[in-house]
Amino acid sequence: VRLCRCPCRALLSRPPGAPRSLRGFAAGPEMHFGFQTVTEAERRKKIYQVFESVAKKYDVMNDSMTLGIHRLWKDILVHKMNPSPGTTLLDVAGGTGDIAFRFINYVRSVREQQLQRKLKHHQNLSWQEIFDSYQEDKFNSLGDSQVVVCDINREMLKVGKQKAQQLGYSEGLSWVLGNAEELPFDDDKFDVYTIAFGIRNVTRIDLALQEAYRVLKPGGRFLCLEFSHVSNPLLSRLYDLYSFQVIPVLGEVIAGDWKSYQYLVESIRRFPPQEELKEMIEDAGFFKVDYENLNFGIVAIHSGFKL
């Protein structure tokens, strides 16, 4: 359950060294950091520090907290996206690369299937022509697809880059330090925008949604995977018990950080329910907005289109 991102992700805060300032916010109005009441500036700083603290143990904690189920949730998100070769994706708050790597794998698989269908329909090709086709696909396995991972936290990006190097991902992948509320990209640039377990950490969700709309091409799709509100009363009580009694303890034992994971749990309870988030996405200008609950609403995938 990614810490705050997969359980969330750090699209906020702006301590020294983070990307450009967010339209000159000073202390700002009061808002929530978990169950605490803080100023906007304090919230940004605290959330940045959360992810700076847990970055190195982020993946291990996600597996521990969700028993590995977060992997399935992310798989479902990418299958729902169903990207084709040539798709350009912006994954915001995607520092550790989980969505980006899945996107690359998915597109490569589609490319391989296309090549096989092409060769089956040309039975009279020579061995050399078949060999040349595979060689061409080898050097362009993504069909010009590109994925840009954008995160505000340098430590999270550092972890993601290290994973990419270890796993052999380089083609069609780039990393950008940037704030979800003021993205460093031109208008109408991407086919798909994803944010997985990150929007809960955005200080101004309305600004982040407006930015998502701005950078998407007409016809582009917005997809958000986030912890949500459980619909089953019994499961909700069990979920609360696990969240407040077990997750902070895991955070202390595995990552040596009780407070960050206590924030994670509290931030989930403060996050808008499914219908309210749907309305916020519609207010940002998106059409055909809907959502799919997974595991009785423990998480939900919201989807919308820029028309």
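Above: the structure in question.
Quick caveat: nothing in here was measured; it's all calculated off a predicted structure.

Caption draft 1: Quick look at a nonpolar patch on the surface. On the surface, Leu-67, Ile-69 and Leu-72 cluster together to form a nonpolar patch covering roughly 310 Å² of accessible area. Inspection of the secondary structure assignment puts Leu-67 in the loop between helix H2 (58–66) and helix H3 (69–81). Overall, the relative accessible area of 74% leaves Leu-67 in the exposed class.

Caption draft 2: Structural detail: unusual backbone geometry. Phi is positive for Ala-93, close to 60 degrees, though the residue is something other than glycine. Examined against the element boundaries, Ala-93 turns out to sit in the loop between strand S3 (88–92) and helix H4 (98–120). Of note in the backbone geometry, Asn-295 takes a positive phi value of approximately 50 degrees without being a glycine. Along the chain, the position of Asn-295 falls in the loop between strand S8 (287–294) and strand S9 (299–305).

Caption draft 3: Region of the structure containing the packing of H3 against H4. Look at H3 against H4: their axes get within 10 Å of each other, and the N-to-C directions meet at 50 degrees. Judged by the inter-axis angle, H3 sits oblique to H4. Crossing geometry of H3 relative to H4 is assigned as right-handed. Across the interface between the two elements, His-70, Arg-71, Lys-74, Asp-75, Leu-77, Val-78, His-79 and Met-81 from H3 touch Asp-98, Ile-99, Arg-102, Phe-103 and Tyr-106 from H4. Here the residues of the contact of H3 with H4 are counted per class, giving six nonpolar, two polar and five charged.

Caption draft 4: Fine view of the pairing of strand S5 (residues 173–177). Of the pairings in the sheet, the one linking strand S4 (residues 146–151) to S5 comprises five bridges and is parallel in character. Bridging from a neighbouring strand, Val-148 pairs with Ser-174 of S5. Following the backbone out of S4, through helix H6 (residues 154–167) and into the adjacent parallel S5, one traces a crossover that is right-handed.

Caption draft 5: Representation of the pairing of S9. In terms of residue burial, S9 counts as a mostly covered element, since six of its seven residues are buried. Where strand S7 (residues 216–227) meets S9, seven bridges bridge the pair, whose relative direction is antiparallel. Across the sheet, the residue bridging to Glu-226 is Ala-300, located in S9. The pairing of S8 with S9 spans six bridges and is classified as antiparallel. The residue bridging Tyr-291 from the neighbouring strand is His-302, located in S9. Adjacent in sequence and paired antiparallel, S8 and S9 are bridged by four residues, among which Asn-295 carries a positive phi angle near 50 degrees.

Caption draft 6: How the structure looks around helix H7 (residues 205–215). Considered for burial, the residues of H7 that qualify are Ile-205, Leu-207, Ala-208, Leu-209, Glu-211, Ala-212 and Val-215. Next to the buried residues of H7 lie S3, strand S6 (190–196), S7 and helix H11 (274–283).

Caption draft 7: Quick look at the sheet that holds S7. The strand order across the open sheet built from seven strands is S5-S4-S3-S6-S7-S9-S8, with neighbouring strands paired in mixed fashion. Whereas interior strands pair on both sides, the edge strands pair on one side only; in this sheet they are S5 and S8. The sheet shows a mean angle of 15 degrees between the axes of neighbouring strands, taken without regard to direction. Set on the sheet, H4 makes contact with S3, S4, S5 and S6; between it and S4 the angle comes to about 175 degrees.

Caption draft 8: Summary view of the packing of helix H9 (residues 247–255) against helix H10 (residues 258–270). Contact pair H9 / H10: the axes reach a minimum separation of 7 Å and the direction vectors enclose 150 degrees. As summarised for this structure, H9 and H10 are arranged roughly antiparallel, according to the angle between their axes. Of the two possible hands of crossing, H9 and H10 adopt the one that is right-handed. Residue-level inspection shows Ile-247, Pro-248, Val-249, Gly-251, Glu-252 and Ala-255 of H9 in contact with H10, the latter providing Trp-258, Tyr-261, Gln-262, Leu-264 and Val-265. Classifying every residue of the contact of H9 with H10 by side-chain character gives eight nonpolar, two polar and one charged.

Caption draft 9: Structural context of the nonpolar core. Core analysis: the biggest nonpolar cluster contains 49 residues, and Trp-73, Leu-173, Leu-225, Phe-227 and Val-299 have the highest contact counts within it. Looking at this core element by element, the count peaks at eight residues for H4. Counting 27 residues, the second-largest nonpolar core is a separate cluster that includes Leu-90, Val-202, Ile-205 and Ala-284.

Each value, and the rule that gives it
Residues numbered from 1 in each chain as written. Predicted model: local features only at pLDDT ≥ 70, side-chain atom pairs only at ≥ 80, totals over all residues. Heavy atoms only, no water. Patch = residues over 30% accessible without salt bridge, like charges linked within 9 Å, V, L, I, M, F, W, Y side chains within 5 Å. Areas by Shrake-Rupley, 256 points an atom, 1.4 Å probe, with all protein chains shown as cover. Salt bridge = Lys/Arg side-chain N within 4 Å of Asp/Glu carboxyl O. Helix = DSSP H or I, 4+ residues; strand = E, 2+ residues; numbered from the N terminus. Buried < 20%, exposed > 50% of the residue type's maximum accessible area, 1.4 Å probe, protein only. Axes fitted to C-alpha atoms, helices over the stretch in contact; angles between N-to-C directions. Parallel < 35°, antiparallel > 145°, perpendicular 65-115°, else oblique. Left-handed = near helix turned anticlockwise from the far one by under 90°. Contact = heavy atoms within 4.5 Å. Nonpolar A, V, L, I, M, F, W, Y, C, P; charged D, E, K, R; others polar. Pairing = 2+ DSSP bridges. Right-handed = clockwise from strand over helix to strand, strands pointing away. Core = buried A, V, L, I, M, F, W, Y, C linked by side-chain atoms within 4.5 Å.

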